[in-house]
Amino acid sequence: MAVNVKGLSDNARKTAIAELNARLADALALSAAIKQAHWNVKGRNFIAVHELFDTVKARLDEHVDMMAERVQVLDGVAVGTVEKVAKTSTLQEYPTDLTKAEDHIKAVCERMRDYGEKVRAAIDATDEAGDADTADLFTGASRTADKDLWFLESHLE
Ligand SMILES: [Fe+2]
């Protein structure tokens, strides 16, 4: 059943659905990459970094859920299967041969920075299309990405 939202143009709705699904794919790929880091990291400060990855992932996953559910509110189809995400994510593939904490933090940060930049572009795209609510949702996601970049980079020597 179509959700009848008033005061939102068809273009605004369609732009928002496209932007949300694009960033949803990136966020899911990033989330899986962070879990990969959480599992495989080794070294002296193992517990600190291992746990940090999980807290960063948990914060990211909140935004994943908000993006997917906003698609449903706008009468779209949220696309979040691993098969689709593998094809549509724009993030660089995460390496499976890393072990050192520094290498994992750097690899996650590179992808977090890329994701953050694309979310920021999505704020402007949805705002210009006339969907301030989706722009606001992306603003929250980008603020979390910025803060978690700080958390992660603070662990680099
Ligand atoms: Fe775990």
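Under the annotation held in an unreviewed UniProt entry, the protein chain carries the name DNA starvation/stationary phase protection protein Dps and is attributed to Paracoccus methylovorus. As its UniProt record puts it under Sequence similarities (unreviewed entry), the protein chain is described as follows: "Belongs to the Dps family."

With that out of the way, let us pick up the packing of aromatic side chains. Applying the stated criterion across every chain yields a total of one aromatic pair. With centroids separated by 5.4 Å and ring planes inclined at 90°, the aromatic side chains of W150 and F151 adopt a geometry described as edge-to-face. Accessibility expressed as a relative area gives 56% for W150, which makes it exposed. For F151, a relative accessible area of 30% corresponds to the partly exposed category.

Let's shift gears to the pattern of salt bridges. Per the counting criterion, the structure on display carries 12 salt bridges. Two residues, R59 and D148, come together in a salt bridge whose shortest N-O distance is 2.6 Å. Here D148 lies in helix α5 (residues 132-153) and R59 lies in helix α2 (residues 46-73), a separation of 89 residues in the sequence. Overall, D148 belongs to the buried group, its relative accessible area being 2%. For the salt bridge of D114 with K118, the shortest nitrogen-to-oxygen distance reads 3.1 Å. With D114 and K118 both in helix α4 (residues 101-129) and four residues apart, this pair spans about one turn of that helix. Exposure remark for D114: the relative accessible area of 23% places this residue in the partly exposed category. Judged by relative accessible area, K118 falls into the partly exposed class, the value being 24%. Beyond isolated ion pairs, a larger network of salt bridges with shared partners links D10, R13 and K14.

As a further point, take α4. In this model, α4 (29 residues) spans 41 Å end to end at C-alpha, consistent with the 42 Å of a helix rising 1.5 Å per residue. Positive phi shows up at G130, right after α4, with a value of about 105°.

Criteria and cut-off values
- Residues numbered from 1 in each chain as written.
- Predicted model: local features only at pLDDT ≥ 70, side-chain atom pairs only at ≥ 80, totals over all residues.
- Heavy atoms only, no water.
- UniProt positions renumbered as here; feature names shortened; annotations may be inferred.
- Phe/Tyr/Trp six-rings, centres within 6.5 Å; stacked < 30°, edge-to-face > 60°.
- Buried < 20%, exposed > 50% of the residue type's maximum accessible area, 1.4 Å probe, protein only.
- Salt bridge = Lys/Arg side-chain N within 4 Å of Asp/Glu carboxyl O.
- Helix = DSSP H or I, 4+ residues; strand = E, 2+ residues; numbered from the N terminus.
- Expected span 1.5 Å × (residues − 1).

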